[in-house]
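# Inside the fold
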Amino acid sequence: MTDLQLTLNIWRQRSSSESGKFESYEVDNLNTHMSFLEMLDVLNENLVEENKEPVAFDHDCREGICGMCSMVINGRPHGPMKGTTTCQLHMRHFKNGDTITIEPWRAKAFPVVKDLVVDRSSFDRIIQSGGYVSVNTGSAPDGNAIPIPKSIAEEAFDAAACIGCGACVASCKNASASLFVSAKISQLSLLPQGQPEKNERVKKMVAQMDEEGFGHCTNTGACQAECPKEISVDYIRKMNVDYNLSNIKG
Amino acid sequence: MNNYFTSTIFRKILAALSGLFLTFFLLGHLAGNLQLFISGVEGQTQFNKYALFMTTNPVVKLLSILTYASILLHVVLTLYLAFKSRQARPIGYAVSSGNSNSSWSSNNMAILGTFLLLFIIVHMRSFWYEMHFGEMPYQYLDDGTKIKDLYLITTSAFNNPLYTLFYILSMIALALHLKHGVGSAVQTIGLKLPNYEKPLKYIAESVALIIPATFASIPIYLYIKNL
Amino acid sequence: MILDSKVPEGPLESKWTNYKSSVPLVSPANKRRIEVIVVGTGLAGASAAASMAEMGYKVKSFCFQDSPRRAHSIAAQGGINAAKNYQNDGDSVYRLFYDTIKGGDYRSREANVYRLAEVSASIIDQCVAQGVPFAREYGGTLDNRSFGGVQVSRTFYARGQTGQQLLLGAYSALSRQISKGNITMYNRHEMVDIVKIDGKARGVIVRNLLTGEFSRHFGHAVVLATGGYGNVYYLSTNAMGSNVTAAWKAYKQGAAFSNPCFTQIHPTCIPVSGDYQSKLTLMSESLRNDGRIWVPKNKGDNRKPSQIPEDERDYYLERRYPAFGNLVPRDVASRAAKERCDEGFGVGDTGLAVYLDFEDAIKRLGKETVSARYGNLFAMYDKITGDDPYTTPMRIFPAVHYTMGGLWVDYDLMTTVPGLYAIGECNFSDHGANRLGASALMQGLADGYFVLPYTIGKYLSEDIRTEPMDTAHEAFDTAEKKALERTKILLQNNGSRSVESFHRDLGKIVWDYCGMSRNQKSLNEAILSIQSLREEFWKHVKVPGDDKTYNPELDKAGRVADFFELGELMMRDALEREESCGGHFREEYQTQEGEALRDDENYTFASTWEFKGIDKPPTLHKEDLNFETVAPTQRSYK
Ligand SMILES: Cc1cc2nc3c(=O)[nH]c(=O)nc-3n(C[C@H](O)[C@H](O)[C@H](O)COP(=O)(O)OP(=O)(O)OC[C@H]3O[C@@H](n4cnc5c(N)ncnc54)[C@H](O)[C@@H]3O)c2cc1C
Ligand code: HEM
Ligand code: SF4
Ligand code: FES
């Protein structure tokens, strides 16, 4: 365990209606075993002691699965490590004396709520527009009634692994939500259970995505590179095909 | 609820199709230009005859209209989308490390494209405009007929080092634009199937390199020849 | 207070069927006029809200996260049990029922557990239909794994992310109903009190965490699905926001609380590495299939594990339990690790860890096989600790994982407050003194999809004439004032210590005295320590910021304040139960070999506590548990 001293440049913004700015903090009682969020916990306890308001940031599971944590660390959503959420990032990847700039996700469809916290309810609304199979409780056939080839189940799972964190939007130069949206569409359109609503679903979800004010996809691949679950951009390709076919069919 | 035609995906498809069409156009255009490598009167004659054919044949006319339309569509759509995407992030990042997760060319398509637009205008002014509306010199053929001497216009244009340099730079821009563009368009229209990803990438990158490189080799050749 | 479990008459196997066919129904026209509040959007809450909305009720849902999809259920890894018998290995509803009763060390209610086993199969069908990508065989049928000591393979799983996939399924059903206007969803809203009118639960007061505003919501019935309270220990495998507040407010409004001291401590977690640590991470139990657990034979042996020769290692589980070795049940493995560390044999910087070693497994099976089995877990361990388990043993230590205790509910899942229901981990119902692996997900979804939507009809059918009440009612007024008052006090306290530091201290007390082993003397002491720490909290806590913008410190302060009161009740409960059973180990009650000693004669009941006032001891009520179908036996793993 090595001691660490850092300079943190953090975006502070009291609420969505006020403007924000960067504040700089020196933190020295740190060590390399801490997770990135524990490092911020230390900063926050220092701030409380100094009678200042702590830095607000979203987090819950701290295991890389709930998708709540969300910060851009030195220009990279969830920081420098591949396939890692902010909560799983550890301080051993930083050096003593480093300056770290921490910003919230930036997108029109993710307005800042406070400091590093943003409002991602646009994602919920996209799911509400059609990210489900319409099956009422109790009306399901036996789980083994429809066999699903293992490879299809695995491919659907790869898409379903999305944690809805929004790093794809944050990393995309167009603030496009295509990776998130296409992952959900593909999960359901790959599985037999998702077939009946396949066409309607993709139309509605794409329409909602556009309406929320996300940008369009220019295939830079930044989303896939920054996605903590390494979701493949191939789902975007699939979404494009599904979307066009569903519209051509009418 | 049908907003297909106003959806980002549809617009994106059109941008991709027009971009791909322009890429094919470039291939054809390139084939014509290669005739400039033939030297002497023989080359001059062949090139000028080709130019005449290209400006008069009705099928080619139709194709050229399609090309203009594609350029227009491509420019309008891509710039509109780029503008909309800028709006999707009203406040930018203080620290940006875009190039650690994506290629430089993919992040600068609009700048590259705008440069290409500038090139297209200059290029059209020098050759297309001259050919159609300018005071063209004539080549007198053996059979006594005369045709517009685009060959002379072209070869003399590349006597100018600045003009040649501009052309070469534009081809570099084109190479970068196509480096991302071709692969991206294939992905957009849904053909970048995972199983073929490697060969497709290979083809796309070759196209992106070969077209502009061959284009650029002509003025270099002409310039050096005229030294 | 009378504890009437309302278990239907008749033989065990037909209770639920008979109940369903005779329970009064609410007509579709009436359903549309009935409003139900569901607090919580985990597996239990989301499935209940969606199912009730599909049936036609008007539902309001609340969660404190920014999206219902992020409820703590998302973090469950291993799997979900169901008596499908797809593997043709002799599984049945009865067997699942029996395993759950036995696993719970005979401290749960037979009828509820039987019903749980009965509906388990439908859960899988429902989830598959929603598009949950369960693991499959090459032939396309569903795959199963075996889990935690049972003799059949009945656990369905989706890689190591079963909870996530199940929750996303329930969330999609919830989302569908939101889009249809049948559910109104309130994200980032915390329930701060229950409103009772004429003795019945009639609504809730919630605080908008972003704006600090309080709002009032009426419901013909209120359902709590607010999860477990493991965070009373400060460090646990639970998500940071998991809390007891909602259940606690219910308790203080008259809902009895059962078995608060029954906590599950999971043996294989990544140990604490320093006092900055904020939470603990679970490493799957499956690791014990091939890993060997040991500590050095010599105290304070600081050598690298690879330099400690074989004969200076103590494989203490293999030594103490030759029959089961490293595969003893969770509670036994946890206690044995604690015993070694208490004696000073622990390893690592803190001395609170033991080795889980794969050296032999790699020698025996080859690195490839080991990697195929545990590769993702090894990678996760590496990510967190920076150590490579292929070359150096993992360090593990037990950690708080699940709380079996919770709000007392009857067969209908109704608490002792009429119209107030509790489902999922926040009730006490099905797991007795110890929960089997992969059974919490099953219980949450059983409650939400298949039990509550029926049983709530029984209560609501008598309530169809009740018009929606005006939330200007004085009961709402009083509750809101009380909540507002508390926020004010916290913000104006102007103390000197952070909420976090109090929580850490409280957690340490609860862990030390009501953790893996408990005894009378220290429990008595702990009650006093908690009381004085609680006083100190109200005097000296410092909550910066205001209540007009998002203020996580304020939210945390409210939750920690409730943990203090809960911690005290846990001590009382542990003190009162003079036996050892499941996760509850009283040092005074053990066999000569140091194993748990149950007292069926005197303690076959659910300890159920009634709130009597903040400075008055609660009253204990006993719900006697009648084992009509299975006869309790003693467990042995020697
Ligand atoms: C690391 C880990 C792994 C696990 N693995 C397994 C496994 O493999 N198999 C298994 O069966 N079980 C497992 N469990 C246990 C299981 O995950 C939980 O018991 C179960 O998911 C609880 O579900 P729930 O719906 O009751 O509550 P939760 O999912 O905890 O949901 C609680 C909900 O209540 C809301 N809430 C809480 N308080 C308030 C309030 N005051 N106001 C408003 N909303 C509130 C929250 O926002 C949330 O939506 C695991 C647990 C952990 C910690
Ligand atoms: C000969 C000329 C050109 C060719 C062959 C060409 C080709 C392409 C191709 C194939 C694409 C990829 C489309 C996709 O991603 O689906 C593309 C994208 C783009 N082009 Fe062009 N282009 C040319 C000229 C221009 C011009 C003149 C401009 C602008 C002024 C321009 C601006 C853009 C932009 C901004 C994009 C990215 C748009 C997006 O991905 O959404 N291009 N181009
Ligand atoms: S696709 Fe990846 S980056 Fe985007 S929301 Fe899902 S997990 Fe996050
Ligand atoms: S806090 Fe849950 S993913 Fe990071």
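Residues numbered from 1 in each chain as written. Chains lettered and ligands numbered in written order. Predicted model: local features only at pLDDT ≥ 70, side-chain atom pairs only at ≥ 80, totals over all residues. Heavy atoms only, no water.

### Remarks on the overall build of chain C
- For chain C, the count of helices and strands is 17 helices and 21 strands.
- Taken over the C-alpha trace, chain C has a radius of gyration of 24 Å; the compact-globule value for 638 residues is 26 Å, and the two agree within 12%.
- Dimensions of chain C, computed from C-alpha atoms along their principal axes, come out at roughly 75 × 60 × 50 Å.
- Taking as baseline every contact in chain C between residues at least 6 positions apart, the subset at least 24 positions apart corresponds to 73%.
- In chain C, 77 positive and 82 negative side-chain charges are present, and the distance between their average locations comes to 3 Å. (Helix = DSSP H or I, 4+ residues; strand = E, 2+ residues; numbered from the N terminus. Rg over C-alpha atoms; globule rule 2.2 N^0.38 Å. Contact = heavy atoms within 4.5 Å. Lys, Arg positive; Asp, Glu negative; His and termini not counted. Charge placed at Lys NZ, Arg CZ, Asp CG, Glu CD.)

### Topic: the site of ligand 3
Residues and elements named next belong to chain A.
- Taken together, 13 residues sit near ligand 3, with Cys162, Cys165, Gly166, Cys168 and Cys227 positioned nearest.
- When residues of the shell around ligand 3 are traced back to their parent elements, those giving at least two are helix H4 (167-171) and helix H5 (178-190).
- Counted by class, the shell around ligand 3 contains 11 nonpolar, 2 polar and no charged residues. (Near = heavy atom within 4 Å. Nonpolar A, V, L, I, M, F, W, Y, C, P; charged D, E, K, R; others polar.)

### Considerations on the interface of chain B and chain A
- Taken residue by residue, the interface counts 38 residues in chain B and 46 residues in chain A.
- Summed over both sides, the interface between chain B and chain A buries roughly 3200 Å², with carbon and sulfur atoms accounting for 54% of that surface.
- Area buried by chain B at its contact with chain A is led by Ile9, Tyr93 and Asn101 of chain B, which between them contribute 19% of it.
- Here chain B is connected to chain A by 0 salt bridges.
- Here chain B is connected to chain A by 23 residue pairs in polar contact (both at pLDDT 80 or more). (Buried area = accessible area lost by both parts, 1.4 Å probe. Salt bridge = Lys/Arg side-chain N within 4 Å of Asp/Glu carboxyl O. Polar contact = N/O pair within 3.5 Å; in protein donor to acceptor, adjacent residues only side chain to side chain.)

### Some words on the coordination of the iron atom of ligand 2
Residue and element names in this part refer to chain B.
- The protein atoms donating to the iron atom of ligand 2 are His74 (NE2) and His177 (NE2), with metal-donor distances spanning 2.0 Å.
- Geometry at the iron atom of ligand 2 is octahedral, judged from the 6 donor atoms that bind it and their angles of 84 to 179 degrees at the metal. A residue pair is termed long-range when its members are at least 10 positions apart, and histidine 74 in helix H3 (residues 58-87) and histidine 177 in helix H7 (residues 161-188) qualify at 103 residues.
- You can call histidine 177 buried: its relative accessible area is 13%. (Donors = N, O, S within 2.8 Å, 3.2 Å for Na, K, Ca; no water. Tetrahedral: all angles 85-135°; square planar, octahedral: opposite > 155°, others 65-115°. Buried < 20%, exposed > 50% of the residue type's maximum accessible area, 1.4 Å probe, protein only.)

### Considering the sheet that holds strand S11 (residues 263-269) of chain C
All names here are of chain C.
- The 5 strands are arranged S11-S15-S14-S12-S13 in an open sheet whose pairing can be described as antiparallel. Across the chains shown, the open sheet's two edge strands, defined by having one partner strand only, are S11 and strand S13 (313-314).
- Examined bridge by bridge, S11 and strand S15 (residues 394-403) share 5 bridges and lie antiparallel to one another. By the bridge assignment, cysteine 269 is partnered in S15 with phenylalanine 397. (Pairing = 2+ DSSP bridges.)

### Comments concerning the site of ligand 2
- Neighbouring ligand 2 are 23 residues; His216 of chain A together with Lys12, His74, His177 and Ser184 of chain B lie closest to it.
- Neighbouring residues of ligand 2 are not confined to one chain but are distributed across chains A and B.
- Contact between ligand 2 and lysine 12 of chain B: an oxygen atom at 2.8 Å from a side-chain N or O atom of the residue.
- Within the contact set of ligand 2, an oxygen atom lies 2.4 Å away from a side-chain nitrogen or oxygen of serine 184 of chain B.
- Broken down by secondary-structure element, the contributors of at least two residues to the shell around ligand 2 are helix H1 (8-33), H3, helix H5 (109-133) and H7 of chain B.
- Of the residues that constitute the shell around ligand 2, the class distribution is 10 nonpolar, 12 polar and 1 charged.

### Some thoughts on H3 of chain B
Residues and elements named next belong to chain B.
- Look at H3: 43 Å from first C-alpha to last across 30 residues, which is about the 44 Å you get at 1.5 Å a residue.
- Of all the positions in H3, only Val60, Thr67, Ser70, Ile71, His74, Leu77, Leu81 and Ser85 are classed as buried.
- The N-terminus of H3 is capped by asparagine 57, whose side-chain oxygen sits 2.7 Å from the backbone nitrogen of valine 59. (Expected span 1.5 Å × (residues − 1).)

### Looking at the pairing of strand S1 (residues 35-39) of chain C
Residue and element names in this part refer to chain C.
- Counting buried residues along S1, 5 of its 5 residues qualify, which places the element largely inside the surrounding structure.
- Burial along S1 is two-sided: the face carrying Glu35, Ile37 and Val39 and the face carrying Val36 and Val38 are both buried.
- Bridge analysis of S1 against strand S2 (residues 58-62) gives 5 bridges, and the strand direction is parallel. Bridge pairing in S2 links valine 36 to valine 59.
- Where the polypeptide runs from S1 across helix H3 (residues 43-55) and back to S2, its parallel neighbour, the crossover connection is right-handed. (Right-handed = clockwise from strand over helix to strand, strands pointing away.)

### Examining the arrangement of the chains
- The highest contact count of any of the 2 pairs of chains in contact belongs to chains A and C.
- Separated in space, chain B and chain C share no contact, their closest pair of C-alpha atoms being 16 Å apart.

### Here's the deal with unusual backbone geometry
All names here are of chain C.
- Positioned with a positive phi, asparagine 85 is a non-glycine residue whose angle comes to about 55 degrees.
- Within the fold, asparagine 85 resides in the loop between strand S3 (80-81) and helix H4 (93-103).
- Its relative accessible area of 29% is what places asparagine 85 among the partly exposed residues.
- We note that tyrosine 106 has phi near 60 degrees; this positive angle belongs to a residue other than glycine.

### Some points on the interface of chain C and chain A
- Listed per partner, the contact involves 77 residues of chain C and 74 residues of chain A.
- Summing the contributions of chain C and of chain A, the shared interface buries around 6300 Å²; its carbon and sulfur component is 51%.
- Looking only at chain C, the three residues that lose the most surface to chain A are Arg70, Tyr276 and Lys383 of chain C, adding up to 12% of its buried area.
- Our count for the chain C to chain A interface comes out at 8 salt bridges.

### Regarding the packing of aromatic side chains
- Using the criterion set out here, one finds 52 aromatic pairs over all chains in the structure.
- With 3.6 Å between their ring centres and 5 degrees between their planes, phenylalanine 123 of chain A and phenylalanine 180 of chain A make a pair best called stacked. Linking phenylalanine 123 of chain A in helix H2 (residues 121-128) with phenylalanine 180 of chain A in helix H5, this pair joins segments that are 57 residues apart in sequence. Phenylalanine 180 of chain A carries the same exposure label as phenylalanine 123 of chain A, and that label is buried.
- The interplanar angle of 55 degrees and the centroid separation of 5.6 Å between the aromatic rings of phenylalanine 158 of chain B and tyrosine 163 of chain B together place this pair among those described as tilted. (Phe/Tyr/Trp six-rings, centres within 6.5 Å; stacked < 30°, edge-to-face > 60°.)

### Here's the deal with the domain arrangement of chain A
Residues and elements named next belong to chain A.
- Per the domain assignment, the segments of chain A are domain 1 (3-103) and domain 2 (120-249).
- Facing the 17 residues of domain 1 at the interface are 12 residues of domain 2.
- For the pair domain 1 and domain 2, the two sides together bury roughly 1000 Å², of which 48% comes from carbon and sulfur.
- Among the residues domain 1 hides against domain 2, the three largest losses belong to Gly67, Pro77 and Gly83. Together they make up 40% of the total.
- The interface formed by domain 1 and domain 2 includes 3 salt bridges.
- With a shortest N-O distance of 3.3 Å, glutamate 230 and lysine 82 are connected by a salt bridge.
- Where domain 1 touches domain 2, the interface holds 5 residue pairs in polar contact (both at pLDDT 80 or more). (Domains from an automatic or database assignment.)

### Description of the pairing of strand S5 (residues 99-103) of chain A
Residues and elements named next belong to chain A.
- Most of S5 sits inside the fold, with 4 of its 5 residues counted as buried.
- Relative to S5, strand S1 (residues 3-12) runs parallel, the two sharing 4 bridges. Across the sheet, the residue bridging to threonine 7 is threonine 99, located in S5.

### Points about the environment of glutamate 110 of chain C
Residue and element names in this part refer to chain C.
- As for its position among the elements, glutamate 110 is in helix H5 (residues 110-130).
- You can call glutamate 110 buried: its relative accessible area is 6%.
- Expressed as a C-alpha distance, the spacing of glutamate 110 and valine 152, which sit 42 residues apart in the sequence, is 21 Å.
- Ignoring anything within four residues of it in the chain, the contact list for glutamate 110 reads Leu12, Phe97, Ile101, Asn626, Phe627, Glu628, Thr629 and Val630.

### Structural notes on the packing of H4 of chain C against H5 of chain C
Residues and elements named next belong to chain C.
- Remark: H4 packs on H5, axes separated minimally by 8 Å, with the N-to-C direction vectors making an angle of 135 degrees. Considered as vectors, H4 and H5 are oriented oblique to each other. Once H4 is placed against H5, the crossing between them reads as right-handed. Facing H4, whose interface residues are Val93, Tyr94, Leu96, Phe97, Thr100 and Ile101, H5 presents Glu110, Val113, Tyr114, Ala117, Glu118 and Ser120.
- For the contact of H4 with H5, the residue count by class is 8 nonpolar, 2 polar and 2 charged. (Axes fitted to C-alpha atoms, helices over the stretch in contact; angles between N-to-C directions. Parallel < 35°, antiparallel > 145°, perpendicular 65-115°, else oblique. Left-handed = near helix turned anticlockwise from the far one by under 90°.)

### Some points on helix H6 (residues 162-179) of chain C
All names here are of chain C.
- The terminal C-alpha atoms of H6, which comprises 18 residues, lie 26 Å apart, in line with the 26 Å expected from a rise of 1.5 Å per residue.
- With 17 of its 18 residues buried, H6 lies for the most part within the structure.
- Two residues or fewer after H6 comes glycine 181, characterised by a positive phi angle close to 85 degrees.

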